[in-house]
Structures are given as C-alpha cells and as structure tokens.
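# Geometric and topological summary
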Amino acid sequence: MDKEQLISKLNWFYSFELNQVDLYTSQSKSTEDDYIALAFERIAYIEQQHVDNIGNKIKKLGGKPTALGDVVAPIIGKTLGKVLALSGIGNLLKVNILLEQKAMKDYKELIHSVKGKYDNEVVKILQSNLIDEDLHAAWFNNKLLELKK
Ligand SMILES: [Fe+2]
Ligand SMILES: [Fe+2]
C-alpha cells in the first residue's frame, strides 16, 4: 500500500467517522431514555475524536482530509438520511452494531496492511480507534440483549 492509497483509505475512515458523529448525535437527540441518549452522545464524542485523529494523520502524510459524503449507504443499503430517520431503539442499536462491525473489520484490514510499513503512529491511531469501536459494539449489543429480556 503506497502513501496515496493509505491517504485515500484514511479519507474513507474520515468520512465514515463523520457519518457516525451525525448518526449518534441525531440518535441522542431523538431518544427519550435519558441514559441511552447520554450514551449516544458520549459515543458521538468519541467518534469525533476519531475524525480528528484521522484528519490530523492525513495532514501529516501530506493529504487533505476530505469528506466523501454518505459512505454508510453501501454498507447497509440505506442512505444516511434513511438511517438518521430510523426510530425504535432496537432498530437504532441493530444498525449501530452493523456499522461498528464494519468499522472494526476495515480497521483490522488496514492495520494488517500498514503494520511494519509505516511509522508506528498510524498503527497506534488505528488500533486505538479499533478498541473504541469494539467497546461501542459491545455496549450496543448488551443494551439490545437487555431490552429483549
Ligand atoms: Fe469511530
Ligand atoms: Fe464507534
């Protein structure tokens, strides 16, 4: 993977993380349960940190962070607008789990292709984000199971 390919892949993550900030922020505003609403807000805040750490890395590599628009649609076959309009806590959690799993899969693949080929900083950023996505997926999953009881 050359530097241009890495920058372009990082831009995909940059856009995906931006989509997630929008999604979780809007879910937080539309969720009546206070605790779940706060969880969505906290998770959106962490996704914003991912936007920032990836954006900064793109700049350090000489690229320009570029928002590619809706990158959620190809993943779940629904436009971001439709996903934002989803209601029902179970539906929100299921979509969120799918997105977190996609993020984890792609972070793992990128870590695999850059490990040992780039500076350690890029690997550390990707791994740190991966851990956060793992925690998000686990929280969403636990909440979904809890609500099913
Ligand atoms: Fe993220
Ligand atoms: Fe996440």
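Each remark here, short or long, concerns the structure printed above.
In what follows, the accompanying structure is described. Residue indices follow the written sequence of each chain, beginning from 1 at its first position. Going through the entries in the order they are written, you letter the chains from A and number the ligands from 1. Selection of residues for local features in this predicted model requires a pLDDT of at least 70, selection of side-chain atom pairs for listing and counting requires 80 or more, and totals for whole chains, interfaces and linings are taken over all residues.

## Comments concerning helix H6 (residues 120–148)
What counts here: Comment: elements are numbered from the N terminus, with helices defined as DSSP H or I runs of at least four residues and strands as E runs of at least two. Here the expected span of a helix is defined as 1.5 Å times the quantity of residues minus one. Here the C-beta atoms are placed from the backbone, and a residue counts as buried if at least 20 other C-beta atoms lie within 10 Å of its own, exposed if 12 or fewer do, and partly exposed otherwise. It is the C-beta atoms, placed from the backbone, that decide contacts: two residues are in contact if theirs lie within 7 Å.
An ideal rise of 1.5 Å per residue puts 42 Å on 29 residues; H6 measures up with 42 Å between its terminal C-alpha atoms. Residues of H6 that are buried include every one of Val-122, Leu-126, Asn-129, Glu-133, His-136, Phe-140 and Lys-143, and no others. Where H6 is buried, its residues meet helix H2 (34–60) and helix H5 (89–114).

## Focus: the environment of Lys-124
Following the sequence through the fold, Lys-124 ends up in helix H6. Along the chain, Lys-124 and Asn-91 lie 33 residues apart, while their C-alpha atoms are 33 Å from each other.

## Things to note about the nonpolar core
Under the convention used in this document: In this usage, the nonpolar core is the set of buried Ala, Val, Leu, Ile, Met, Phe, Trp, Tyr and Cys residues whose C-beta atoms join them within 7 Å.
Counting residues in hydrophobic clusters, the biggest one holds 26 residues, and the most contacted among them are Leu-10, Phe-13, Tyr-14 and Ile-54. Elements with a contribution of two residues or more to this core: helix H1 (3–30), H2, H5 and H6.

## Observations regarding H2
With 27 residues, H2 extends 39 Å between its outermost C-alpha atoms, agreeing within 8% with the 39 Å of an ideal straight helix rising 1.5 Å per residue. For H2, the elements touching its buried residues are H1 and H6.

## A word on the packing of H2 against H6
How two helices sit against one another is set out by the angle between their axes and by the gap between those axes. Keep this limit in mind: Helix axes are fitted to C-alpha atoms over the stretch in contact, other axes to C-alpha atoms as well, and angles between N-to-C directions run from 0 to 180 degrees. These descriptions rest on fixed angle ranges, namely under 35 degrees for roughly parallel, over 145 for roughly antiparallel, 65 to 115 for roughly perpendicular, and the rest for oblique. Here a crossing is taken to be left-handed if its near helix is turned anticlockwise relative to the far helix by less than a right angle, and right-handed if that turn runs clockwise. Amino acids outside the nonpolar list (Ala, Val, Leu, Ile, Met, Phe, Trp, Tyr, Cys, Pro) and the charged list (Asp, Glu, Lys, Arg) are all regarded as polar, and Gly is one of them.
The contact between H2 and H6 brings their axes to 11 Å, and the two run at 165 degrees. The angle between H2 and H6 places the two elements in the roughly antiparallel class. When the axes of H2 and H6 are compared, the crossing they make is left-handed. Listed contacts from H6 to Ile-36, Ala-39, Ile-43, Ile-46, His-50, Asn-53, Ile-54 and Lys-57 of H2 are Val-122, Ile-125, Asn-129, Asp-132, His-136, Trp-139 and Lys-143. Per-class residue counts for the contact of H2 with H6 are 8 nonpolar, 4 polar and 3 charged.

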